[in-house]
There are 2 protein chains.
Amino acid sequence: MDIQARIQLAMEHHFKEVLVAGTPPTLKAAMLHAVFPGGARIRPQLCTAVAMVCGEDSPLLTDAGAVALELMHCASLVHDDMPAFDNAALRRGQTTVHAEFSEPIALLTGDALIVMAYQVLLSLRGKQPQCAGYAERLLEMMAIVSEGVGAPRGIVAGQAWECETKVDLWQYQRAKTGALFSASTAMGAVAAGANPAAWHVLGESLGDAYQIADDIRDVIGHIDLIGKPVGQDAEHGRPSAAQALGLEGANAQFKHLIDTAAKSVPNCVGRDLLRAMIFKESERLVPQQAYQDYLKNQQSSQVSTV
Amino acid sequence: MDIQARIQLAMEHHFKEVLVAGTPPTLKAAMLHAVFPGGARIRPQLCTAVAMVCGEDSPLLTDAGAVALELMHCASLVHDDMPAFDNAALRRGQTTVHAEFSEPIALLTGDALIVMAYQVLLSLRGKQPQCAGYAERLLEMMAIVSEGVGAPRGIVAGQAWECETKVDLWQYQRAKTGALFSASTAMGAVAAGANPAAWHVLGESLGDAYQIADDIRDVIGHIDLIGKPVGQDAEHGRPSAAQALGLEGANAQFKHLIDTAAKSVPNCVGRDLLRAMIFKESERLVPQQAYQDYLKNQQSSQVSTV
């Protein structure tokens, strides 16, 4: 089974376990809408891939970690799309939760998904078969995901930096995106009983690369490519690497981060596979052809203006 | 040290541990505003009292459980006060978080407090001294608080029932308020290594009583008494026991639930103390003098209309 199919199965399994009879029907529908069909599921992929190359001895732990990361990510999207923030009508090519249901339901959906991330990990409590240090691994995984989401340096802190007048771009982006990427590689390592520190640079550089890619796509993209309106950073006055470094500077930085990520993969059985996955993902994030086309169009429109 | 002082110290300690340097300043201020000064801290009191009468062997676990419960409660208040729900300007006699800061900050504050509830419990990971089954107790406490907050039957589900057209009043109230009360007694028991099942009726009846008291105060209260505007249930079309049973029916049901709660306390060293605490709390929840005064005023205004 490939990683994507494995993640999809795990997601469905845990939703069936949590959203049992008695859940308010609209909340249930909204939670499903927020999570299915998914985007690239890059964070769970990363967690799963790292666990696998670390020689995972408890696939249940890996899967629960992967699902928890995706739920936290989806929760942040639901809240970020709300009128108080981006007021976005579209996400992944479909209506956002508040647009499809209502603002109160979107607020509760985000809350419920955050709690569900922990419920998913906690559902493994006492479950057999257990590997060495099972309870301690579960606790460490929950601590890692909390760090990626909460105060002082997780996603929520990243979004809160948008409300400050004085913002450090890298601190902001590290929190808003990088933190959950770092959590993804660390979760995979801990799920497999390995040392998370060896995977820190991979998570951190991929997170930085992903955020810069988002900024680049927000400039060069069109709605078909990214499934949501473009030009949002400029419209909402959000700090953006594409603005701070210029588009070409941002693209160079993006490529550098991908190289750093690939080089950081520790010596292990699946090293080449993981590196190939990183380069493939990099092309999905910023298709270099689309980037070149955009530059060419800009130059020709400047020429025609002259 | 009395229970209230103990809870206050524990709250302050955990805030210092989580909101370290690097937290976005407005988010930090809003999180503190949402939690200090507190209300009655009834959930942490309940958790602490149960742990104590169960002969607690790890006060750190009790305190962390108590703080986690209060953070979840405060998070739900912050989100519930937002324009998408109650649009309340006042809470505990001071401005609500979204009114004091902004809607985005209120949204993030609720999210951050939910995650912090887990961070508080997780901060004890590996901390000395450890009692028997330390890691397992931590995991069970997190599972209990998750059940009290998330889908399918926690606070979030309770709030989501407000968005449904067909609602069972008891299912709604059990979720919106009862769930976190049940969690409070269960957390206290588990923190002390005791069986949570023996404390289930206490938590459940107190939770039901508390919700009915809220409904009664919403009718008879004035803003000085409850620190927020009255008549909110009728204004927002929310299901209410005071409406469903009539005011006198609701008060009779309230007293019955307090009796059930007091009788349910298992035979233990602190039984009498705990029962006295319950009756004292009952008088704070629905001051019977204020209730009688309201009835008298109603009757005399009906007479004068005739």
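Residues numbered from 1 in each chain as written. Chains lettered and ligands numbered in written order. Predicted model: local features only at pLDDT ≥ 70, side-chain atom pairs only at ≥ 80, totals over all residues.

(A) Representation of the overall build of chain A in the model. Counting secondary structure elements, chain A contains 16 helices and 2 strands. The C-alpha atoms of chain A give a radius of gyration of 19 Å, which matches the 19 Å a tight globule of 306 residues would have. Overall size of chain A, expressed as C-alpha extent along the three principal axes, is 70 × 50 × 40 Å. Of all 306 residues assigned to chain A, the portion counted as buried reaches 53%. Considering only contacts within chain A whose residues lie at least 6 apart along the sequence, 70% involve residues at least 24 apart. (Helix = DSSP H or I, 4+ residues; strand = E, 2+ residues; numbered from the N terminus. Rg over C-alpha atoms; globule rule 2.2 N^0.38 Å. Buried ≥ 20, exposed ≤ 12 C-beta atoms within 10 Å, placed from the backbone. Contact = placed C-beta atoms within 7 Å.)

(B) Looking closely at the interface of chain A and chain B. At the junction of the two partners, chain A supplies 49 residues and chain B supplies 49 residues. For the side of chain A that touches chain B, the secondary-structure elements that each account for two or more residues are helix 2 (25–35), helix 6 (103–122), helix 7 (134–149) and helix 8 (155–161) of chain A. Element by element, the count of residues in the side of chain A that touches chain B is highest for helix 6 of chain A, at 14 residues. Across the side of chain A that touches chain B, the residue classes break down as 33 nonpolar, 10 polar and 6 charged. (Nonpolar A, V, L, I, M, F, W, Y, C, P; charged D, E, K, R; others polar.)

(C) Molecular detail of unusual backbone geometry. The residue after Ala151 of chain A, namely Pro152 of chain A, is reached through a cis peptide bond having omega 0°. Along the polypeptide, Pro152 of chain A turns up in the loop between helix 7 and helix 8. That bond from Phe36 of chain B to Pro37 of chain B is cis: its omega, -15°, falls within 30 degrees of zero. The topology assignment puts Pro37 of chain B in the loop between helix 2 (25–35) and helix 3 (42–53). Its identity is not glycine, yet Arg92 of chain A carries a phi of approximately 55°, on the positive side. Relative to the helices and strands, Arg92 of chain A resides in the loop between strand 1 (90–91) and strand 2 (94–95). For Asn87 of chain B, which is not a glycine, the phi torsion comes out positive at approximately 50°. Relative to the elements of secondary structure, Asn87 of chain B occurs in the loop between helix 4 (59–80) and strand 1 (90–91).

(D) Region of the structure containing the relation of the copies chain A and chain B. Relative to chain B, chain A is turned by 180° and slid 0.0 Å along the rotation axis, the superposed coordinates differing by an RMSD of 0.0 Å. Both chain copies can therefore be described as sitting about a two-fold axis. Interface overlap between copies is the fraction of interface residues in one copy that are interface residues in the other; for chain A against chain B it reaches 100%, indicating a shared surface. (Least-squares fit on C-alpha atoms with pLDDT ≥ 70 in both.)

(E) Representation of the packing of helix 2 of chain A against helix 6 of chain A in the model. Residues and elements named next belong to chain A. Running from amino to carboxyl end, helix 2 crosses helix 6 at an angle of 70°, the nearest separation of the two axes being 9 Å. Considered as vectors, helix 2 and helix 6 are oriented roughly perpendicular to each other. Remark: the crossing between helix 2 and helix 6 carries right-handed chirality. Listed contacts from helix 6 to Thr26, Leu27, Ala30, Met31 and Ala34 of helix 2 are Ile105, Leu108, Thr109, Ala112 and Leu113. Here the residues of the contact of helix 2 with helix 6 are counted per class, giving 8 nonpolar, 2 polar and no charged. (Axes fitted to C-alpha atoms, helices over the stretch in contact; angles between N-to-C directions. Parallel < 35°, antiparallel > 145°, perpendicular 65-115°, else oblique. Left-handed = near helix turned anticlockwise from the far one by under 90°.)

(F) How the structure looks around helix 14 (residues 271–285) of chain B. Residue and element names in this part refer to chain B. The terminal C-alpha atoms of helix 14 lie 21 Å apart, and with 15 residues this matches the ideal 21 Å at 1.5 Å per residue to within 8%. Those residues of helix 14 not exposed but buried are Leu274, Ile278 and Ser282. For helix 14, the buried positions fall inside an angular range of 85° around the axis, keeping them on one side. Seen from the open side of helix 14, the exposed residues pointing more than 90 degrees away from its buried face are Asp272, Ala276, Phe279, Lys280, Glu283 and Arg284. (Expected span 1.5 Å × (residues − 1). Arc of directions from axis to C-beta.)

(G) Spotlight on the environment of Arg217 of chain A. Along the chain, Arg217 of chain A falls in helix 10 (residues 200–220). C-alpha of Arg217 of chain A to C-alpha of Pro287 of chain A: the two residues are 70 residues apart in sequence and 9.2 Å apart in space.

(H) Just helix 7 of chain A, in detail. For helix 7 of chain A, built from 16 residues, the straight-helix expectation of 22 Å at 1.5 Å per residue is met to within 8% by its first-to-last C-alpha distance of 23 Å. Buried residues dominate helix 7 of chain A, accounting for 14 of its 16 residues.

(I) Quick look at the packing of helix 13 (residues 241–264) of chain B against helix 14 of chain B. Residues and elements named next belong to chain B. In contact at an axis separation of 9 Å, helix 13 and helix 14 are set at 165° when each is read in the N-to-C sense. By the angle between their directions, the pair helix 13 and helix 14 is classed as roughly antiparallel. Pair helix 13 / helix 14 crosses with right-handed handedness. Along the contact surface, helix 13 presents Ile258, Ala261 and Ala262, while helix 14 presents Arg275, Ile278, Phe279 and Ser282.

(J) Representation of the nonpolar core within the structure. If you look at the biggest cluster of nonpolar residues, it comprises 195 residues, and the most contacted ones within it are Leu71, Leu113 and Val145 of chain A together with Leu71, Leu113 and Val145 of chain B. Residue contacts for Leu113 of chain B: discarding those within four places in its chain leaves Met31, Ala34, Leu71, Cys74, Ala75 and Val78 of chain B. (Core = buried A, V, L, I, M, F, W, Y, C linked by C-beta atoms within 7 Å.)

(K) Layout of the environment of Ile114 of chain A. Within the secondary structure, Ile114 of chain A sits in helix 6. Exposure remark for Ile114 of chain A: the 32 C-beta atoms within 10 Å place this residue in the buried category. Once the C-alpha coordinates of Ile114 of chain A and Ser76 of chain A are considered, the two residues, 38 residues apart in sequence, prove to be 8.6 Å apart. The contacts of Ile114 of chain A, once residues within four sequence positions are left out, are Met72 and Ala75 of chain A together with Asp111, Ile114 and Val115 of chain B.

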